[in-house]
Protein chains: 2
Amino acid sequence: MNINKYNQIYQVLSGEIIEGVYQNQENLPSEHALVERFSVSRETVRKALNMLRENGFIQKVKGKGSVVIYDHTMDFTVSHLTSFKEIQEMKSIRYETNVVELAVYDAEDVPKVQKALGLYPKDKIWKLVRQRIHDSKTHIIDTDFFLHELMPGLNEEVAKQSTYQYIEERLGLSIAYAYKEITFEPMTAAELDLFGPVTPQYAATVKSVVYLNEAKPFQYNVSKHLASEFKFTDFSRRFTGE
Amino acid sequence: MNINKYNQIYQVLSGEIIEGVYQNQENLPSEHALVERFSVSRETVRKALNMLRENGFIQKVKGKGSVVIYDHTMDFTVSHLTSFKEIQEMKSIRYETNVVELAVYDAEDVPKVQKALGLYPKDKIWKLVRQRIHDSKTHIIDTDFFLHELMPGLNEEVAKQSTYQYIEERLGLSIAYAYKEITFEPMTAAELDLFGPVTPQYAATVKSVVYLNEAKPFQYNVSKHLASEFKFTDFSRRFTGE
DNA sequence: CAGTGGTCTAGACCACCTC
DNA sequence: AGGTGGTCTAGACCACTGT
């Protein structure tokens, strides 16, 4: 799918690590060996290895080699901007999605969103509220605000499926990065109504602002999770860089 | 301090962005111009730009240039493995640190830690419990487990200062990466005792396993925050890679 | 068209590790 | 000494953007 060489090499190697061709704590073949195997230059191999490193598959040790640090028991790492649908498939839990609201507002009616996305007062935005239900219990309430001009054709059918898929595959837009914030907040009356009787009456709250490729803010999302079930996992490095 | 060129260039450019030499939404000089300015090759400039991109300073746009996306109003991003002391300095809040416990255990006495760090039953570990106090109120309780063999000289004085600084500056060890997990949990009786009367009686719980350069697990940390005050912020990209 | 970033190469020199 | 990864270069070709 991706046309460049280092990405293909990354796909191959990460796949082999996941399949166990290279086990945890083992060394990957040396860069020189990978150069031979893939018939590319060393810098190209190194780009693929850097991707593996950034995504928590390997750790490079000077003078020694690239050690696999991928552990199958590790929880799936949420931090790389994955959509609800993708997470759901990873965890292989089946949620039912119920669209609570889908409507168009003026940006000025929702000041937080107007400010976060840098909109003019009369810019139109979609508001989309969805319940994620499993075993006839609501686990997550997602509230999304999208720029209307970028997806005028949004409808309930799309909203029940994956909005990210729609954005990327149908509209050809490319999601680039996001700011996320996790807090613990009391549930509002409306939220309690959707969640039903739960303890505590607090929600793990993930707010995010999502940007497209050209640094264009595009989506404001508030995701409320039952606090007792919420878990966020992350892999991070102390120093970034080559 | 860092000897390689791309790191120096990164330091210079990130500093200039923070100082406002390049404003939000503006373009950075072209790669060609930066090649001239720093008298290096283009690939070296690109490595510095990639660091800026990964740390949320810029977004590169095909055929156009590198747009600054750094906003001063943005909260400090915690996700890159920063120590408590570093966070405290960023936020310029003065906490007092109180050492509740500092003792040596056998790994088998703390099975969770033994498993997370992959230890033998009789391996020795430090247990260190610290309260972070501000305005005579406890805001954070940090519980740390360290490999004893790597820092036999740990003492209460060091524990009151920064353990990371001690590890990196005194011991010359290099912290590489960590796995983190955030959950919201009811406070235990012992925690309630340290926190005092608070509402809600929930703690934002950050558990992490920290690794040194050679993929050696080294520290297990549980950080309990008052849920009502807790905020975790993160910057993430959908696709990594060059 | 010229300017921009994206990819890739072949080779060089270095620092570190192991034997 | 020989293997490993880390840094850096000079140049090439491409795809995309703007005019």
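For the structure, check the block above.
What you see is a predicted model; the values in this text were computed from it and never measured.

## Things to note about the relation of the copies chain A and chain B
And step 1. Note on the copies: chain A fits chain B at an RMSD of 0.2 Å, the axial shift is 0.0 Å, and the rotation between them is 180 degrees. Such a combination of rotation and displacement between the chain copies is what one expects of a two-fold axis.
And step 2. The overlap is high: 98% of the interface residues of chain A also sit at the interface in chain B, so the same surface is used on both sides.

## Some remarks on the protein's contact with DNA strand D
And step 1. Of all residues adjacent to DNA strand D, which total 24 residues, the nearest are Arg42 and Glu43 of chain A together with Lys5, Ser41 and Thr44 of chain B.
And step 2. For DNA strand D, the fraction of protein-proximal atoms (within 4 Å) that sit in sugar or phosphate groups is 66%.
And step 3. Between Asn4 of chain B and DNA strand D, the recorded distance is 2.9 Å, taken from a side-chain N or O atom to a phosphate oxygen.
And step 4. In the model, a base nitrogen of DNA strand D is placed 3.4 Å from a nitrogen or oxygen of the Arg42 of chain B side chain.
And step 5. Broken down by secondary-structure element, the contributors of at least two residues to the surface near DNA strand D are helix 3 (42-54), strand 1 (58-61) and strand 2 (65-68) of chain A together with helix 1 (5-19) and helix 3 (42-54) of chain B.
And step 6. Of the residues belonging to the surface near DNA strand D, the class tally is 3 nonpolar, 8 polar and 13 charged.

## Side note on the pattern of salt bridges
And step 1. Applying the stated criterion to the full structure yields 37 salt bridges over all chains.
And step 2. Put simply, Lys137 of chain A and Glu229 of chain A hold a salt bridge, and the shortest N to O gap is 4.0 Å. Of the two residues, Lys137 of chain A sits in strand 5 (residues 137-147) while Glu229 of chain A sits in the loop between strand 8 (217-226) and strand 9 (232-237), which places them 92 residues apart along the sequence.
And step 3. A salt bridge links Glu149 of chain B to Lys216 of chain B, with the nearest nitrogen and oxygen atoms 4.0 Å apart. Placement of Glu149 of chain B in the loop between strand 5 (137-147) and helix 6 (156-160) and of Lys216 of chain B in the loop between strand 7 (202-212) and strand 8 (217-226) is noted, with a sequence separation of 67 residues between them.
And step 4. With a relative accessible area of 58%, Glu149 of chain B lands in the exposed category.
And step 5. For Lys216 of chain B, a relative accessible area of 34% corresponds to the partly exposed category.
And step 6. Ionic contacts of the salt-bridge type, sharing partners, join the residues Glu31, Arg42, Arg46 and Lys60 of chain A into one network.

## Focus: the sheet that holds strand 9 (residues 232-237) of chain B
And step 1. With respect to topology, 7 strands assemble into an open sheet ordered 3(A)-4(A)-5(A)-8(A)-7(A)-6(A)-9(B), the strand pairing being antiparallel. Looking along the sheet, the strands with just one partner apiece sit at the ends: strand 3 (96-106) of chain A together with strand 9 of chain B. Strand-to-strand, the axes of this sheet are offset by a mean angle of 15 degrees, without reference to chain direction.
And step 2. Relative to strand 9 of chain B, strand 6 (residues 175-186) of chain A is paired through 6 bridges, and the arrangement is antiparallel. Residue Ala178 of chain A lies in a different strand from strand 9 of chain B, and its bridge partner there is Ser236 of chain B.
And step 3. In the packing of helix 7 (residues 163-170) of chain A onto the sheet, the strands contacted are strand 4 (124-134), strand 5, strand 6, strand 7 (202-212) and strand 8 of chain A, and the crossing angle to strand 6 of chain A comes to about 170 degrees.

Rules of the game
Residues numbered from 1 in each chain as written. Chains lettered and ligands numbered in written order. Predicted model: local features only at pLDDT ≥ 70, side-chain atom pairs only at ≥ 80, totals over all residues. Heavy atoms only, no water. Least-squares fit on C-alpha atoms with pLDDT ≥ 70 in both. Contact = heavy atoms within 4.5 Å. Near = heavy atom within 4 Å. Polar contact = N/O pair within 3.5 Å; in protein donor to acceptor, adjacent residues only side chain to side chain. Helix = DSSP H or I, 4+ residues; strand = E, 2+ residues; numbered from the N terminus. Nonpolar A, V, L, I, M, F, W, Y, C, P; charged D, E, K, R; others polar. Salt bridge = Lys/Arg side-chain N within 4 Å of Asp/Glu carboxyl O. Buried < 20%, exposed > 50% of the residue type's maximum accessible area, 1.4 Å probe, protein only. Pairing = 2+ DSSP bridges. Axes fitted to C-alpha atoms, helices over the stretch in contact; angles between N-to-C directions.

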